[in-house]
Amino acid sequence: MQAEYRQRREALMSKIGNGTAIFRSAPMAVMHNDVEYVYRQDSDFFYLTGFNEPEAVAVLAPHHEEHQFILFVQPKDITKEVWTGYLTGVEAAKEMYGADEAYPINELDEQLPQYLLNADKIYYRFGRDKSFNETVLTHYQRLLRVYPKRGIGPTAIQDTCTILHGMRLVKSESELELMRKAADIAVEAHNTAREMTKPGIYEYEVQAEMEGIFRKHGALGPAYPSIVASGGNSCILHYIENNRQMDDGDLLLIDAGCSYNYYNSDITRTFPVSGKFTAEQKTLYELVLSAQKQAIAQVKPGNPYNLIHDTALRVLVEGMVELGILQGEVDKLIEEEKYKPYYMHRTGHWLGLDVHDVGVYQYGDDNPLILQPGQILTVEPGIYILPGAEPAEEQPKVDEKWMGIGIRIEDDVLVTPTGCEVLTAGVPKEVEDMER
Ligand code: GLY
Ligand code: MN
Ligand code: MN
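As the structure is a computational prediction, the values presented were derived from the model and not from experiment. (Residues numbered from 1 in each chain as written. Chains lettered and ligands numbered in written order. Predicted model: local features only at pLDDT ≥ 70, side-chain atom pairs only at ≥ 80, totals over all residues. Heavy atoms only, no water.)

## What about the pattern of salt bridges?
Within the structure shown, the criterion is met by 21 salt bridges. Here Arg408 makes a salt bridge to Asp255, at a shortest N to O gap of 2.9 Å. One end of the pair, Arg408, is in strand 17 (residues 405–408); the other, Asp255, is in strand 11 (residues 251–256), and 153 residues separate them in sequence. An identical accessibility class is assigned to Arg408 and Asp255; each is buried. In this structure, the salt-bridge partner of Asp331 is Arg314, at a minimum N-O distance of 2.6 Å. Of this pair, Asp331 sits in helix 12 (residues 330–335) while Arg314 sits in helix 11 (residues 306–322), and the two are 17 residues apart along the sequence. What emerges from the salt-bridge pattern is a single network uniting Asp44, Arg168, Lys171, Asp354 and Asp357. (Salt bridge = Lys/Arg side-chain N within 4 Å of Asp/Glu carboxyl O. Helix = DSSP H or I, 4+ residues; strand = E, 2+ residues; numbered from the N terminus. Buried < 20%, exposed > 50% of the residue type's maximum accessible area, 1.4 Å probe, protein only.)

Here it is, written out as structure tokens:
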């Protein structure tokens, strides 16, 4: 893997010319008082280094005579390590992570200027760590002050996203392997969840079983808080309480995926708790399934990203008009967003090191991103008719029979040279497979 991290750094450096790029590790997050969450490195930092400790800074300085990749890390400290775990330390940061030079983090202010002095630009993404933002600004302003005398030095700070996030959008073979693993583990968890579900059990029992499977296979845990939403809860997009007892007649919507070596899966399935859909549940399920399949059929190189959402949306709106849930002409309903009370989110997102992964979706309104092999995205249309749902203006009142039905079907899809591959196809989604 070290060779691949190096390749990524070299690819980035080849694009920043005489700039210097600075990356800050993610901070430790506090759960309560002095208890911290399990550490999760910043995805950009991890992508370029594989280094998984807080209080670190990575610098890329392609124009520097001696050092192009510099790490600032916490030094070895046995007294501290006995409490909070192993630290790589300065020496090993060079050997294990391939840094040309490494320093203790407390020498940052002293050492950083030599890597900025002759750069024409600083590449840095202003982040949540305000004090580090200040540090970068302070160094930049100091150099700006002496710029007239030297006629050389950084005169701009540019976000790294336009370059780095374009790289992250297209997955390498080794990333794809990790994405497949994350997908396979989540597939097993979803299949187990469907088999165990019956009236009377609690949502958290299903959650526990699924998250147990994640850990059992070495995943770090859920990729995001698992959504196990039965009955009317299925209409709440980010329902995470997961504490309701399931009833005969409910649907169960499960949106859960895992994080494996930092790479994520994101799957949603919806099925009847009793093993049989009601007529209304089945009708809406078939509509969402059809929207999802037709949208997935549009995932191929050369197609614009927007086409996936547009395709799913049209199928959903046409279907809702046929069922009398919406009234009017399909194009107009879409243009005026009259469907929004029942379909309020987009049809997917990029997937990778972040669940809502980085990368642009379009370059302005008339210039959509064109799909290319190696990209991974979710396709996740849904319909949600809340109990007590209010229709959009000039739209029919919702018939009670639809109320409380929430359905989403979500798969993770890889763009291949000839079309696409559904990485999560191992979880069935046909009506007969969802029934018992
Ligand atoms: N579970 C988050 C999402 O589907 O986007
Ligand atoms: Mn998703
Ligand atoms: Mn999801």
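## Describing the coordination of the manganese ion (ligand 2)
The manganese ion (ligand 2) binds to the protein through Asp266 (OD), His349 (NE2), Glu380 (OE) and Glu410 (OE), with metal-donor distances spanning 2.0 to 2.2 Å. Given six donor atoms and angles of 51 to 157° at the metal, the environment of the manganese ion (ligand 2) is assigned as irregular. Of note, the donors binding the manganese ion (ligand 2) are all from one chain and are spaced D-x82-H-x30-E-x29-E. Here the manganese ion (ligand 2) and the manganese ion (ligand 3) are spaced 3.3 Å apart, with Asp266 acting as a shared donor. Linking Asp266 in the loop between strand 13 (263–264) and strand 14 (267–272) with Glu380 in the loop between strand 15 (376–379) and strand 16 (382–385), this pair joins segments that are 114 residues apart in sequence. The same class applies to Asp266 and to Glu380, which are both buried. (Donors = N, O, S within 2.8 Å, 3.2 Å for Na, K, Ca; no water. Tetrahedral: all angles 85-135°; square planar, octahedral: opposite > 155°, others 65-115°.)

## A few points about the coordination of the manganese ion (ligand 3)
Those protein atoms acting as donors to the manganese ion (ligand 3) are Asp255 (OD), Asp255 (OD), Asp266 (OD) and Glu410 (OE), and they sit at 2.0 to 2.4 Å. Viewed at the metal, the six donor atoms of the manganese ion (ligand 3) are separated by angles of 57 to 171°, and the geometry they form is irregular. Every donor residue of the manganese ion (ligand 3) comes from the same chain, spaced as D-x10-D-x143-E.

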